[in-house]
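The residues making up each chain are set out below.
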Amino acid sequence: MIDDWDRHRCWGLGRSAIIQFSRGCPHRCSYCGQREFWVRWRHRDPARLADEIAMLHRRHGVNFITFADENPTTNVRQWRRFLEEMSARAVPVALTAAMRASDICRDAELLPLYRKAGFCAILIGIETTDAKIIERVGKDSSATVDSEAIRLLRKNGIIAIATHVAGLGDEGWISRWRAFRGMVRYDPDLVNVMYATPHDWTRFGAETAHIDVVEPDMSRWDFRHQVLKTSRLKPWQLFLAVKLTELALHIRPRVLWRTAFHPDAEMRRQLRWCLWNAAKVWRAEIVDFKCFGRTAKSRFARTGESQFFNSGRTVTRGTGCDHTRSA
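Now for a look at the structure at hand. (Residues numbered from 1 in each chain as written. Predicted model: local features only at pLDDT ≥ 70, side-chain atom pairs only at ≥ 80, totals over all residues. Heavy atoms only, no water.)

Some words on the nonpolar core
- Ranked by size, the top nonpolar core spans 52 residues in total, and within it Ile 65, Phe 67, Phe 82, Tyr 114, Phe 119 and Ile 124 carry the most contacts.
- Broken down by element, this core gets its largest block of residues, 5 residues, from helix H2 (residues 46-60).
- Each residue touching Phe 119, except ones within four places of it in the same chain, is listed here: Phe 67, Trp 79, Phe 82, Leu 83, Leu 95, Thr 96, Ala 97, Met 99, Tyr 114 and Ile 158.
- Grouped together as the second largest cluster of nonpolar side chains are 12 residues, Trp 11, Phe 64, Cys 120 and Cys 274 included. (Core = buried A, V, L, I, M, F, W, Y, C linked by side-chain atoms within 4.5 Å. Buried < 20%, exposed > 50% of the residue type's maximum accessible area, 1.4 Å probe, protein only. Helix = DSSP H or I, 4+ residues; strand = E, 2+ residues; numbered from the N terminus. Contact = heavy atoms within 4.5 Å.)

Details of the state of the cysteines
- In the structure shown here, the tally under the stated rule is 0 disulfides.
- Lacking any disulfide linkage, Cys 10 is separated from the closest cysteine sulfur, that of Cys 274, by 7.9 Å.
- Free of any disulfide, Cys 120 has its nearest cysteine sulfur in Cys 274, 7.7 Å distant.
- The class for Cys 120 is buried, based on a relative accessible area of 3%. (Disulfide = S-S within 2.5 Å.)

Here's the deal with a nonpolar patch on the surface
- Side chains of Trp 173, Trp 236, Leu 240, Leu 244, Leu 247, Ile 251, Leu 256 and Phe 289 sit close together on the surface and give an oily, nonpolar patch of about 750 Å² of accessible area.
- Of all the elements, helix H10 (residues 235-250) adds the most residues to the nonpolar patch, at 4 residues.
- Tracing the chain through its elements places Trp 173 in helix H8 (residues 173-186).
- Residue classification places Trp 173 among the partly exposed residues on the basis of a relative accessible area of 44%. (Patch = residues over 30% accessible without salt bridge, like charges linked within 9 Å, V, L, I, M, F, W, Y side chains within 5 Å. Areas by Shrake-Rupley, 256 points an atom, 1.4 Å probe, with all protein chains shown as cover. Salt bridge = Lys/Arg side-chain N within 4 Å of Asp/Glu carboxyl O.)

Quick word on unusual backbone geometry
- Positioned with a positive phi, Trp 11 is a non-glycine residue whose angle comes to about 65 degrees.
- You can see Trp 11 is positioned in the segment before strand E1 (16-19).
- Among the residues examined, Trp 11 registers a relative accessible area of 7% and is labelled buried.
- You will see that Asp 187, though not glycine, has its phi angle at about 60 degrees, which is positive.

Things to note about the packing of aromatic side chains
- What the rule picks out here adds up to 14 aromatic pairs.
- Judged by centre distance (5.6 Å) and plane angle (80 degrees), the rings of Phe 67 and Phe 82 are edge-to-face. In this pair, Phe 67 is assigned in strand E4 (residues 64-67) and Phe 82 in helix H3 (residues 76-89), connecting sequence segments 15 residues apart.
- Centroid distance Trp 79 to Phe 119: 5.8 Å. Interplanar angle 55 degrees. Geometry classified as tilted. One end of the pair, Trp 79, is in helix H3; the other, Phe 119, is in strand E6 (residues 119-127), and 40 residues separate them in sequence. Each member of the pair Trp 79 and Phe 119 is classed as buried.
- Three or more aromatic residues joined by ring pairs form one cluster here, namely Phe 21, Phe 67, Trp 79, Phe 82, Tyr 114 and Phe 119. (Phe/Tyr/Trp six-rings, centres within 6.5 Å; stacked < 30°, edge-to-face > 60°.)

Here is the structure:
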C-alpha cells in the first residue's frame, strides 16, 4: 500500500492514482505486444471499480485517476455501465485514459456521459498520419477517423492528447515534415511524441529484426529514446526533428489561444498545467540526450563497445539480456 500519497501528485489537482478497468486488446497493431502478452481482453466489475475510485477519494484524498488500460472501451456495454456508475456517484475526481480514435467516434453520443463521469483528457493513439504506414502496421484507422475523434472531444470539453510514434518507417527530414503537417491538420490540444520500440514477440519486431539498434542499454527502451537506426537520419538528427516537432506543435497560435483564453476556466487551468510540465519534460530530455550521449560515448570507448554502432549487430530484443546477436 502507498505510505505517502503526497508523493503521487498529477495534473495540478493534488493526489493521484493509477488503476485498471481491463487488460488486453483485441486489435492487431503490428508494433504493440498487448494482444499477444495478455492473450484475451477481460475487465473488472464496473460498479466495484467506481466504488474503488470513490474510496480512494474519500479515504486518501485522491483527485486524479489515470487508467493504465491498453483499451478500456473494448466492450461498449460494460464501459457505458462504468460511466453511469461514476456519474451516479458524482465523485469529484478527474479521469484520463488512452483510447482508440475509432472508439471515441463510436461513442459520439456518449461523450457527454464521459464528461459527467469525470473525464477531463483522453490520450488518442494516432501513432502516424501516413496512410501507407497506418495500413502496414494494421492500425485499422484513418485520418478522417483520427481528426473526427479530436473534434468530438473538443466539442465535449475534453482535452485531446495525440500520441505520435517516430520510427515506424525509415525516417528522413521529409517524413518528419509530413508528420508535422499531418498533426497540424488534426489540431490536438497536446502531442506526445514517442519512438518505435521493437518487441520480439510482435510482427513489428520480426519485420525490423534486420535493422541495427542504436541504444544498447535496454533500461532506456522506454519509448522516450530512439532504439532503431534510421538510414537517412543520424540519432541526433532524429532527436532534433522530434524536439522541433514537439515545440512547433505546442506553440501554434491555436494552442496558445486555447491555453490563454479557453472559456472554461478549469480546462484553461489544466491546459496551462499540461503545457508548463510538457515544457519541463522537453527541456529535461534535451539535457538527458546531451549528457547521456557523452557518457555513453566515453563508456563505449573504454570498454571497446564503440564498434557497436558499426558492427552490423543488434541487441537481443525483449528478453532483458544485454548480449548481442547477428542481424
